Amino acid sequence: MVQAVNSALDNMLSKDEDVLVFGEDVGYFGGVFRTTDGLQEKHGAHRVFDTPLSEGGIAAIAFGMGLNGLKPVCEIQFADYIFPAYDQIVNEIAKLRHRSGGEFWTPITIRTPAGGGIRGGHHHSQSPESQFTHTPGLKVVYSSTPYNAKGLLISAIESEDPVIVFEPKRCYRGPFYGDPHKVPTWSGHPEAEVPDVHYTVPIGEARLVNEGNDCTVIAWGTMVHVCEEGIRQSGASCDLIDLQSLIPWDREAVVRSVKKTGRCVIVHEAPKTSGYGAEMAASVQERCFWSLEAPVTRVTGWDTPFPHTTEWDYMPSPQRIAEAIRGALEG
Amino acid sequence: MNNDGCETPIRVPSAPFRPGESASFEEWSYSPSDLMMPDPLSCEPKDTIPHSTGLIRVLGDDGSRSGDWDPVISDSDLLIGLEHMVRLRIFDDRMMKMQRTGKLSFYMRSLGEEAIAIAQTMALEKQDWIFPTYRQPGAQFVRGRDMVSMICHCIGNVEDNVKGRQMPVHYTYREGRYISVSSPVGTQFSQAVGVAMASAYKGLDEVTITWIGDGASAEGDYHYALNFASVFRPPVILNVVNNQWAISTHANLASGSSTFADRGLAYDVPCLRVDGNDFLALYSVTKWARDRASAGLGATHIEVLTYRAGAHSSSDDPTRYRPSDEPDVWPGGDPIHRLRDHLISVGAWTEEKHRDLEGRIDSEVMAAYKEAVKFGDLAQGPYPSSDTIFTEVYSDVPWHLQEQWDEMNRLGGD
């Protein structure tokens, strides 16, 4: 997945000289997760560079560059560290097109590794997507595999709107099925075949990972893989929808599936209250009420800070997901 | 070298040396006789212009102490400081070994920077507040923290006082007025100003000391701190630890100023730049700053010039971005060796005593380690109860949390 992100950036730096890549440790070093490895050497220090440690500054200069015709792709090293940039993102970047009557816009991409499962404790584990899905003017995507990590990132860079790209850091080196003692790599995974050339995964389209008739399971990021295991443990036949794109989201795919299965379980790492799952649940009952055989349920992180030592009791586990699916089947 | 001659359209600074190059620094021209000590109680910010561009030193290259900044401190106190520095280094080595064998998830050493928090905390009073980053754990030794408790925190086992919630090295030690460490860099710097404002409001003789890295001084919090300190003049000591490196980001990328110290002058705060590997100079500038703070004269801004001799953390590999010999040729030397050699030169210490000290501390650390792992290690457990996920989120447990807590336990949390 790291190589897929690197390949997307490399393709876009080669294709469009207005693309710049920058952030903390992004330049010479190639990023703390190696996603920008080799890009400075290949494309030059004026196109791929280190910045001062200032997330607010990074977002603000991206705003200015995007306004003035460039396509900046900046990295916030951990999603937990995006909050000094929150004012710039929420009040400035998201609203520029609207506030200027369409005369100015800033088509920037903000990449940020998110989610838990790496013993990161409070401040290297959070999944703050709903704090951005709640901000009109931003597009928000959340990759889960090497294939969609590259395709979504290229779509984000080519978008005329600002896009926040969450990358599940637990999956950088391999999928995660909920067992911390098993650490598979991406080798052999069907979604790990990543073309070297430019391609896109359109923003706004979900991916159907599994097809089934009993229940619809919706997830994004690392939880897509944990849900695969949870579905297996439940013994049920489920549609598993990898949302991929949170704003705008593929409501049609979700509604189609839930009308077929009559049941819906939504899974995310972030805390439950005001999580993006609440939006899914509300929309599903608005659109599928007469098809539902059971209440729509959510399996999420608890409404607490993300713990260090006990993180496996915090993150939704295959067992919790399986129980929620069985609960939905019992109606 | 700032790439000033580069032909790229944006000036992008680099580091002085990169892997494959040989690092070489000019010898420092700074000497202990360079800078006078202004009267702390009548000094104006502009009087510190030379102190913000020069370098305050007490220990000369020959190991002797001299100059206007030479502090009043007994040899026995210096030996205590030396012992704490040795303790921290040996402790760090043991913790790194634990990390490498899977007994800790992560670790950060203070290698090369041991003098800073130890000398500066020794220069303070017991009631003063310590608002550290992850690179000032040594202050806890000065404040008397039990080493077993520190190791239990780093493991995140059942005896961890923060209950396995934070990553290792993110200590909390209220008894020692050592405030909880947070991962986001820089946040403590401006918060410390608030702690100091509260002390002033309450009319207490309490000073707050805080630190920020050269890299993190690019965050807004650094500037908030200086500006609020400039406006409200609270009793706070604001240190920028310039250890040259923020993970792979060289200090050249943190600021375009000639020194970190002199940025404070624009905020009308007195500014000092001190040799961060010189225990005596650190002790002295901190006493000076405390005297001013305690007298109601407000903040002092200090650049502590040092070098991060180790990796940023156990997740970092500095050979990817700097020459492997760079730590060895850094002109500031080793803070432990410099104080040790000084004390030997004045007859207060011997090499043999130093070796004995290292042996004794090694045994102390080993004993503490063995005691700590009795309460569990990361590889084997036992771990804190998963109930600790739900406690202390709020002062009470609201119904929605209670519901989730019950759900976790019903599903088999321990």
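All of these numbers come straight from a predicted model, not from anything done at the bench.

Enquirer: Could you give me a rundown of the overall build of chain A, with the residues and numbers involved?
Expert: If you tally the helices and strands in chain A, you get 12 helices and 12 strands. The globule rule puts the C-alpha radius of gyration for 331 residues at 20 Å, and the 19 Å found for chain A is close to it. Principal-axis analysis of the C-alpha atoms gives chain A an extent of 60 × 45 × 35 Å. Taken across its 331 residues, chain A has 63% of its residues classed as buried.

Enquirer: Could you give an account of the interface of chain B and chain A, with specific residues and numbers?
Expert: Accessible area lost when the parts come together is the quantity often used to give the size of an interface. Tallying the contact residues gives 47 residues for chain B and 40 residues for chain A. A combined buried area of about 3,600 Å² lies between chain B and chain A, and 62% of that area is made up of carbon and sulfur atoms. When the area that chain B buries against chain A is broken down by residue, the three leading residues are Arg320(B), Ile389(B) and Gln404(B), summing to 15%. At the junction of chain B and chain A, the tally comes to one salt bridge. Across the salt bridge formed by Arg410(B) and Glu323(A), the nearest N and O atoms sit 3.0 Å from each other.

Enquirer: Run through the confidence of the model for chain B, naming residues and quoting values.
Expert: Per-residue confidence for chain B averages 95 on the pLDDT scale, and 98% of its residues sit at or above 70. Scored as a complex, the prediction yields pTM 0.94 and ipTM 0.91.

Enquirer: I'd like a rundown of the sheet that holds strand 10 (residues 245-247) of chain A, residues and numbers included.
Expert: All names here are of chain A. Reading across the sheet, the seven strands line up as 2-1-3-4-6-5-10 and stay open at both edges, with mixed pairing between neighbours. Every other strand in the sheet has two partners, leaving strand 2 (48-50) and strand 10 as the edge strands with one partner each. Neighbour-to-neighbour, the strand axes of this sheet turn through a mean angle of 20°, independent of strand direction. Here strand 3 (residues 71-75) pairs with strand 4 (residues 109-114) via three bridges, running parallel. Bridging across to strand 4, Glu75 finds its partner in Arg111.

Enquirer: Run through the sheet that holds strand 3 (residues 236-242) of chain B, naming residues and quoting values.
Expert: All names here are of chain B. Taken in spatial order, the five strands of this open sheet run 1-2-3-7-6, and their pairing is parallel. Each of the sheet's edge strands pairs with one partner strand only, and the pair in question is strand 1 (129-131) and strand 6 (271-275). Averaged over neighbouring strand pairs, the angle between their axes works out to 20° when direction is ignored. By the bridge criterion, three bridges tie strand 1 to strand 2 (residues 208-213) in an arrangement that is parallel. Residue pairing in the sheet places Trp129 in a bridge with Thr208 of strand 2. In this fold helix 8 (residues 279-294) packs onto strand 2, strand 3, strand 6 and strand 7 (300-305), with an angle of close to 160° to the strand it touches most, strand 6.

Enquirer: I'd like a rundown of the packing of aromatic side chains, residues and numbers included.
Expert: Applying the stated rule across the entire model yields 26 aromatic pairs over all chains. A ring pair is formed by Phe306(A) and Tyr314(A), whose centres lie 4.6 Å apart and whose planes are at 50°; its orientation type is tilted. Classification of Phe306(A) as buried rests on a relative accessible area of 5%. On the numbers, 5.5 Å between centres and 90° between planes, the contact of Trp28(B) with Trp330(B) is edge-to-face. Here the residue Trp28(B) occupies a position in the segment before helix 1 (49-53), and Trp330(B) occupies one in the loop between helix 9 (326-329) and helix 10 (335-345), the gap between them amounting to 302 residues. The pair formed by Trp28(B) and Trp330(B) is uniform in burial state, with each residue classed as buried. One residue, Arg34(A), lies across the ring of Phe29(A), its end atom 4.8 Å from the ring centre.

Enquirer: Break down the pattern of salt bridges for me, with residues and values.
Expert: Pairs can form between side chains of opposite charge once their charged atoms are near each other. Here the structure, examined in full by the defined rule, presents 37 salt bridges over all chains. Here Lys15(A) ties to Glu158(A) by a salt bridge, and the two come within 2.8 Å at their closest N and O atoms. Here Glu158(A) lies in helix 7 (residues 146-158) and Lys15(A) lies in helix 1 (residues 2-15), a separation of 143 residues in the sequence. Three or more residues joined by partner-sharing salt bridges are found here, namely Arg57(B), Asp61(B), Asp275(B), Asp278(B) and Arg338(B).

Enquirer: How would you summarise the packing of helix 8 (residues 223-234) of chain A against helix 12 (residues 318-330) of chain A if you had to cite specific residues and measurements?
Expert: Residue and element names in this part refer to chain A. Orientation of helix 8 relative to helix 12, taken along the N-to-C sense of each, is 55°, at an axis distance of 8 Å. Between helix 8 and helix 12, the interaxial angle falls into the category oblique. Here the hand of the crossing between helix 8 and helix 12 comes out right-handed. Contact residues: helix 8 offers Val226, Cys227, Glu229, Gly230, Ile231, Gln233 and Ser234, while helix 12 offers Pro318, Gln319, Ile321, Ala322, Ile325 and Arg326.

Quick notes on the rules
Residues numbered from 1 in each chain as written. Chains lettered and ligands numbered in written order. Predicted model: local features only at pLDDT ≥ 70, side-chain atom pairs only at ≥ 80, totals over all residues. Heavy atoms only, no water. Helix = DSSP H or I, 4+ residues; strand = E, 2+ residues; numbered from the N terminus. Rg over C-alpha atoms; globule rule 2.2 N^0.38 Å. Buried < 20%, exposed > 50% of the residue type's maximum accessible area, 1.4 Å probe, protein only. Contact = heavy atoms within 4.5 Å. Buried area = accessible area lost by both parts, 1.4 Å probe. Salt bridge = Lys/Arg side-chain N within 4 Å of Asp/Glu carboxyl O. pLDDT = per-residue confidence, 0-100. Pairing = 2+ DSSP bridges. Axes fitted to C-alpha atoms, helices over the stretch in contact; angles between N-to-C directions. Phe/Tyr/Trp six-rings, centres within 6.5 Å; stacked < 30°, edge-to-face > 60°. Lys NZ or Arg CZ within 6 Å of the ring centre and 35° of its normal. Parallel < 35°, antiparallel > 145°, perpendicular 65-115°, else oblique. Left-handed = near helix turned anticlockwise from the far one by under 90°.

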